[in-house]
Amino acid sequence: MQSRRFRPIDIVSAGELLVDFISSRFVRDLQKAVNFKRLQGGSPANLCINMARLGNQAKLVATVGDDQMGVFLRDAVAATGVDTLFIREIAMPTTLILVTRSKKVSNFQAYRGADSFIFDEQMTDELLSQTNLFHTTCFALSRIPAQVVIFEAAQRAMKLGCQVSIDANYSPKIWSDREEAQRYVSRYCELGALVKVSEVDWERLYETPLKDPEQAVKHFSNMGAKQVCVTLGKEGCLVGDHKNAQFLPSREVEVKDTTGAGDAFWSGYLTAWLDGYKPLECATAGRRMAELKLAHFGPFPGPVDKTVVFEDIIQTQS
């Protein structure tokens, strides 16, 4: 095992920082939701914050509105220890999302605003050259100017020796041009990306059921991805590369909220990757982090002990 922490910044996460309004009760659709709890949200932001909670040096590149919700988000991020220097405020509303509290897949409705207005000056070569991992999402790539700016930053990051990562969390509600989304995912894989995709994401992106998860591993690997992790909900996940794939089963846990579980999983995975672990070991750390999140409503209240997240890896090795 050899550490991949060669630079002072462990991760730069670029994309949406927004307000989640999550229904207080478990409901299937928003029409039945009455009361909501306000929480900081956005997949890149959640991933970045979880990385910081695990002790990583993390920076978030995002844009919020110059309104009270924007102030709420900046304060929420700063309180977790994530550097807010690259969070920009602009004269338009902060992005909001209504989300159903769910034990499976949440339903949501997005009200887009400032999140897609990310610009070149937020991601300099100086920043990227000091970074080990550069991460983004399909949500972040769904609109211009963020789409072009983030992808070009990923290209520069790769050339500067930074590993790129993507959560292929595609949804037609966010990105109506499915073919464009497919092209961007393919181009991102060509950069040698670490790819996370859920079974639901795959079905939304390619409009076909994922009958064999190994198909997805091969698909993204053939496009150039370095590692691929396919999450399969309550079944577990499949992780691998162009050579082989390994299955990791899930474990039973009391589910209090599924929102952000995928981001929690990927934060455990990437933290283990930075520490030099192999794909299945990274997935094992991701599983533990996801279990902790599923058992908790809303964001983690504070730091997460990395030794707890890694304990299953350590037990396997001993």
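In the block above lies the structure referred to throughout.
A brief report on the enclosed structure follows. Keep in mind the model is a prediction, meaning the values are calculated, not measured.

Topologically, S142 is positioned in the loop between β8 (131-137) and α4 (146-159). A polar contact is formed between the side chain of S142 and the side chain of R112, at a distance of 3.3 Å. Filtering out sequence-adjacent residues up to four positions away, S142 remains in contact with R112, Q147, I174 and W175.

Another point: the pattern of salt bridges. Evaluation of the coordinates by the stated rule reveals 15 salt bridges. A salt bridge links R74 to E89, with the nearest nitrogen and oxygen atoms 3.5 Å apart. Within this pair, whereas R74 is found in helix α2 (residues 68-78), its partner E89 is found in strand β5 (residues 87-90), the two being separated by 15 residues in sequence. The exposure class of R74 is partly exposed, given its relative accessible area of 22%. In this structure, D125 engages R156 in a salt bridge whose closest nitrogen and oxygen atoms are separated by 2.5 Å. One end of the pair, D125, is in helix α3 (residues 125-128); the other, R156, is in helix α4, with 31 residues separating them in the sequence. Relative accessible area serves as the criterion here: at 25%, R156 is assigned to the partly exposed category.

Glancing now at the sheet that holds β8. Consider a sheet: its strands pair through backbone hydrogen bonds, and that pairing is either parallel or antiparallel. The strand order across the open sheet built from nine strands is β5-β4-β1-β8-β9-β10-β11-β12-β13, with neighbouring strands paired in mixed fashion. The open sheet terminates on both sides in strands that have one partner only, identified here as β5 and β13 (245-249). The sheet shows a mean angle of 15° between the axes of neighbouring strands, taken without regard to direction. Sheet analysis places β8 next to strand β9 (residues 163-167), joined by five bridges and oriented parallel.

Counted by the stated rule, this structure contains one cavity of 30 Å³ or more. Volume-wise, the largest cavity comes out at about 150 Å³. Along the walls of the largest cavity sit 16 residues, with Q40, N46, K293, G298 and P299 positioned nearest its centre. Secondary-structure elements contributing two or more residues to the lining of the largest cavity are β2 (18-26), β3 (36-41) and α1 (43-53). Here the lining of the largest cavity gets four residues from one element, more than from any other, and that element is α1. Across the lining of the largest cavity, the residue classes break down as five nonpolar, seven polar and four charged.

What follows concerns the sheet that holds β3. Within the open sheet, the four strands sit side by side as β3-β2-β6-β7. Their pairing is mixed. A strand with exactly one partner marks an edge of an open sheet, and here the two such strands are β3 and β7 (108-111). Across this sheet, the average inter-strand angle for adjacent strands is 25°, counted without regard to direction. Of the pairings in the sheet, the one linking β2 to strand β6 (residues 96-101) comprises five bridges and is parallel in character. Counterpart to D20 in the pairing with β6 is I97. Where α2 meets the sheet, it contacts β2, β3 and β6, and its direction lies at approximately 60° from that of β3.

We now examine the packing of α1 against helix α8 (residues 261-274). Two elements in contact, α1 and α8, have axes separated by 9 Å at closest approach and are oriented at 50°. Put simply, α1 runs oblique to α8. The hand of the α1/α8 crossing is right-handed. Along its contact with α1, which presents S43, N46, L47, N50 and M51, the element α8 presents D263, A264, W266, S267, L270, T271 and L274. For the contact of α1 with α8, the residue count by class is six nonpolar, five polar and one charged.

Now for the pairing of β7. Taking every second residue as pointing to the same face, the buried face of β7 carries F108 and A110, while none of Q109 and Y111 on the other face is buried. Note that β6 and β7 share four bridges and pair antiparallel. Within the sheet, the bridge partner assigned to V99 lies in β7 and is F108.

Next up on the list: the layout of surface pockets. Put simply, the second largest pocket is a space of about 190 Å³. As for the second largest pocket, its lining consists of 13 residues, and the residues nearest its centre are R53, A76, A79, T80 and F300. Those elements that place two or more of their residues in the lining of the second largest pocket are β3, α1 and α2. The residue makeup of the lining of the second largest pocket, split by class, is nine nonpolar, three polar and one charged.

About the cut-offs
- Residues numbered from 1 in each chain as written.
- Predicted model: local features only at pLDDT ≥ 70, side-chain atom pairs only at ≥ 80, totals over all residues.
- Heavy atoms only, no water.
- Helix = DSSP H or I, 4+ residues; strand = E, 2+ residues; numbered from the N terminus.
- Polar contact = N/O pair within 3.5 Å; in protein donor to acceptor, adjacent residues only side chain to side chain.
- Contact = heavy atoms within 4.5 Å.
- Salt bridge = Lys/Arg side-chain N within 4 Å of Asp/Glu carboxyl O.
- Buried < 20%, exposed > 50% of the residue type's maximum accessible area, 1.4 Å probe, protein only.
- Pairing = 2+ DSSP bridges.
- Axes fitted to C-alpha atoms, helices over the stretch in contact; angles between N-to-C directions.
- 1 Å grid on protein atoms, 1.4 Å probe; cavity = no way out; pocket = protein on both sides within 12 Å on 5 of 7 lines; lining within 4 Å.
- Points joined across faces, edges and corners; volume = space filled by probe spheres on them.
- Nonpolar A, V, L, I, M, F, W, Y, C, P; charged D, E, K, R; others polar.
- Parallel < 35°, antiparallel > 145°, perpendicular 65-115°, else oblique.
- Left-handed = near helix turned anticlockwise from the far one by under 90°.

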